[in-house]
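Residues per chain, in single letters:
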Amino acid sequence: VGTEHTEFVVEPKALDLVDRLVFHHDGPFGDSSAVPTYLLSELTRAREALEHREQEDRRLRDRLADIEAENRRVCDEFVAVQEQNAELVGLYAAIERLHGAPTRTELLMAIQEIVVNVVGSEELALFELTPDGRRLAPAHAFGIAANHLGEIALGSGTVGRATAEGRRYVAGEG
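Residues numbered from 1 in each chain as written. Predicted model: local features only at pLDDT ≥ 70, side-chain atom pairs only at ≥ 80, totals over all residues. Heavy atoms only, no water.

1. Describing the overall build of the protein
At step 1: For the protein, the helix and strand inventory stands at 4 helices and 3 strands.
At step 2: In sequence order, the protein lays out its α and β elements as α-α-α-β-β-β-α.
At step 3: Computed over its C-alpha atoms, the radius of gyration of the protein comes to 42 Å, more than 25% above the 16 Å expected for a compact globule of 174 residues.
At step 4: Overall, the C-alpha framework of the protein stretches about 125 × 40 × 25 Å when taken along its three principal axes.
At step 5: Look at the contacts in the protein between residues 6 or more apart in sequence, and 19% of them connect residues 24 or more apart.
At step 6: When the accessible area of the protein is evaluated, it comes to approximately 13800 Å², of which 55% is carbon and sulfur surface.
At step 7: On the protein, the mean spot of the 18 positive side-chain charges and the mean spot of the 31 negative ones are 7 Å from each other. (Helix = DSSP H or I, 4+ residues; strand = E, 2+ residues; numbered from the N terminus. Rg over C-alpha atoms; globule rule 2.2 N^0.38 Å. Contact = heavy atoms within 4.5 Å. Areas by Shrake-Rupley, 256 points an atom, 1.4 Å probe, with all protein chains shown as cover. Lys, Arg positive; Asp, Glu negative; His and termini not counted. Charge placed at Lys NZ, Arg CZ, Asp CG, Glu CD.)

2. Things to note about the sheet that holds strand β3 (residues 152–153)
At step 1: As summarised here, the arrangement of the 3 strands in space is β1-β2-β3, forming an open sheet in which the pairing is antiparallel. The outermost strands of the open sheet, each flanked by one partner alone, are β1 (124–129) and β3.
At step 2: Of the strand pairs in this sheet, β1 and strand β2 (residues 135–142) are connected by 6 bridges, and their pairing is antiparallel. Counted as the bridge partner of Ala125 is Ala141 from β2.
At step 3: Packed onto the sheet, helix α3 (residues 104–119) meets β1 and β2 and runs at close to 65° relative to β2. (Pairing = 2+ DSSP bridges. Axes fitted to C-alpha atoms, helices over the stretch in contact; angles between N-to-C directions.)

3. Points about the confidence of the model for the protein
At step 1: Across the protein, pLDDT averages 86, with 99% of residues at or above 70.
At step 2: Summarising per-element confidence for the protein, the mean pLDDT is lowest in helix α1 (residues 18–24) (80) and highest in β3 (92). (pLDDT = per-residue confidence, 0-100.)

4. Regarding the packing of helix α2 (residues 34–100) against α3
At step 1: Two elements in contact, α2 and α3, have axes whose closest approach is 8 Å; the angle formed by their N-to-C orientations is 165°. In terms of orientation, α2 lies roughly antiparallel with respect to α3. Here the hand of the crossing between α2 and α3 comes out left-handed. Residues Gly90, Leu91, Ala94, Ile95, Arg97 and Leu98 of α2 form the contact with α3, whose own contacting residues are Glu106, Leu107, Met109, Ala110, Ile111, Glu113, Ile114 and Val118.
At step 2: Residue classes in the contact of α2 with α3 are distributed as 10 nonpolar, 1 polar and 3 charged. (Parallel < 35°, antiparallel > 145°, perpendicular 65-115°, else oblique. Left-handed = near helix turned anticlockwise from the far one by under 90°. Nonpolar A, V, L, I, M, F, W, Y, C, P; charged D, E, K, R; others polar.)

5. Regarding a nonpolar patch on the surface
At step 1: Nonpolar side chains collect at one region of the surface, where Leu15, Val18 and Val22 lie side by side and expose about 240 Å² of accessible area between them.
At step 2: Inspection of the secondary structure puts Val18 in helix α1.
At step 3: Given a relative accessible area of 37%, Val18 falls into the partly exposed group. (Patch = residues over 30% accessible without salt bridge, like charges linked within 9 Å, V, L, I, M, F, W, Y side chains within 5 Å. Salt bridge = Lys/Arg side-chain N within 4 Å of Asp/Glu carboxyl O. Buried < 20%, exposed > 50% of the residue type's maximum accessible area, 1.4 Å probe, protein only.)

6. Overview of the environment of Gln84
At step 1: Along the chain, the position of Gln84 falls in helix α2.
At step 2: Sequence separation between Gln84 and Val74 is 10 residues, and the spatial gap between their C-alpha atoms is 15 Å.

7. Remarks on the environment of Ala146
At step 1: Tracing the backbone shows Ala146 in the loop between β2 and β3.
At step 2: On a C-alpha basis, the gap between Ala146 and Ala125 in space is 8.9 Å, while along the polypeptide they are 21 residues apart.

Okay, here's the thing in structure tokens:
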């Protein structure tokens with residue numbers, strides 16, 4: 001039939017309700033079904049209150065899950081912004097070093113710091129023109145054995161051609 005039944009045993013202590021029932025009926029009442037009817041009403045009210053609290057609990061749990069998801073998203077965004085800020089601070093410090101570098105060695109180290117920490121490269125080779133202006137000679141290297149680097153004639157090879165044409169060359173770019 002699709003109904004739900006609950007068994008509730010009326011115990012002798014339920015007779016303590018008689019005074020309350022007399023008050024509500026405004027006098028003595030001879031119907032013996034008043035005690036179980038009152039108890040049934042109380043049970044129904046308690047069950048409805050429980051169902052309401054369970055619905056509210058589900059609603060609050062769903063809301064909490066939404067808030068936690070939003071909190072995770074905001075935290076992830078915050079971490080990303082913090083990382084960007086750290087990179088900008090590092091870049092600013094490196095640029096300040098670059099502008100304030102009084103010696104050639106300090107200048108090369110500042111360039112290395114920018115490329116390694118900001119760009120994220122693990123290898124770096126800087127070349128400069130030889131005094132005769134016809135070749136590139138290694139000026140500084142990081143992550144590459146210096147003995148693997150030799151002079152490059154302008155117009156020869158990828159780096160030599162890029163330099164002769166006045167364009168930049170970054171290994172791995174199209």
